[in-house]
Amino acid sequence: MPFIIFNRLNMRLLALLPIFLVLHLSAQQKPESVHLGPDAPEWINMMVSDHPNVLEIQQAYNNYYESNPFEKNSYTQFYKRW
């Protein structure tokens, strides 16, 4: 008899487990903002604006690196993760 009660208790706990797991789930968060120096390109300023437009930022990013050599820095890493 104690075994049956133990099984019922386990089944109730297993039924509640998904509820507790769902409470800990979260969606992707916006990456932390990058420090903007005086040399920051315009596309990074567009990214941290209140209402960024993805297509405009992609175009500005591509235009910037057509006329400037690509340099891996905190701005490009932020763009990659954004």
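What this report covers is the structure whose coordinates are included nearby. All values reported here derive from a predicted model rather than from experimental measurement. (Residues numbered from 1 in each chain as written. Predicted model: local features only at pLDDT ≥ 70, side-chain atom pairs only at ≥ 80, totals over all residues. Heavy atoms only, no water.)

What follows deals with helix α3 (residues 54-67). Since one α-helical turn is 3.6 residues long, residues separated by three or four positions face the same way. Taking 1.5 Å as the rise per residue, α3 with 14 residues should run 20 Å; its terminal C-alpha atoms sit 20 Å apart, in good agreement. Considered for burial, the residues of α3 that qualify are Ile57, Tyr61 and Tyr65. The buried residues of α3 occupy an angular sector of 60° when projected down its axis, which confines them to one face. For α3, the exposed residues lying more than 90 degrees away from the buried face are Leu55, Glu66 and Ser67. Buried residues along α3 sit in contact with α2 (42-47) and α4 (74-81). One side-chain oxygen of the residue at the start of α3 lies 3.0 Å from the amide nitrogen of Leu55, identifying that residue as Asn53. (Helix = DSSP H or I, 4+ residues; strand = E, 2+ residues; numbered from the N terminus. Expected span 1.5 Å × (residues − 1). Buried < 20%, exposed > 50% of the residue type's maximum accessible area, 1.4 Å probe, protein only. Arc of directions from axis to C-beta. Contact = heavy atoms within 4.5 Å. Polar contact = N/O pair within 3.5 Å; in protein donor to acceptor, adjacent residues only side chain to side chain.)

Counting 11 residues, the largest nonpolar core consists of Val34, Ala40, Trp43, Ile44, Met47, Ile57, Tyr61, Tyr65, Tyr75, Phe78 and Tyr79. Looking at this core, the elements with two or more residues in it are α2, α3 and α4. The contacts of Tyr75, once residues within four sequence positions are left out, are Val34, His35, Leu36, Gly37, Asp39, Ala40, Pro41, Trp43 and Ile44. (Core = buried A, V, L, I, M, F, W, Y, C linked by side-chain atoms within 4.5 Å.)

Inspection of every chain in the model, using the stated rule, returns eight aromatic pairs. Relative to Tyr79, the ring of Tyr61 has its centre 3.8 Å away and its plane inclined at 10°; by these criteria the two rings are stacked. One end of the pair, Tyr61, is in helix α3; the other, Tyr79, is in helix α4, with 18 residues separating them in the sequence. With a relative accessible area of 18%, Tyr79 lands in the buried category. Taking the centre distance of 4.9 Å and the plane angle of 90° together, the rings of Tyr64 and Tyr65 count as edge-to-face. The partly exposed category is assigned to Tyr64, whose relative accessible area is 29%. Residue Tyr65 is classed as buried on the basis of its relative accessible area of 17%. (Phe/Tyr/Trp six-rings, centres within 6.5 Å; stacked < 30°, edge-to-face > 60°.)

So, on to the environment of Leu36. Inspection of the secondary structure puts Leu36 in the loop between α1 (2-23) and α2. In sequence terms Leu36 and Val48 are 12 residues apart; their C-alpha atoms lie 9.4 Å from each other. Excluding residues that lie within four positions of it along the chain, Leu36 makes contacts with Ile44, Asn45, Val48 and Tyr75.

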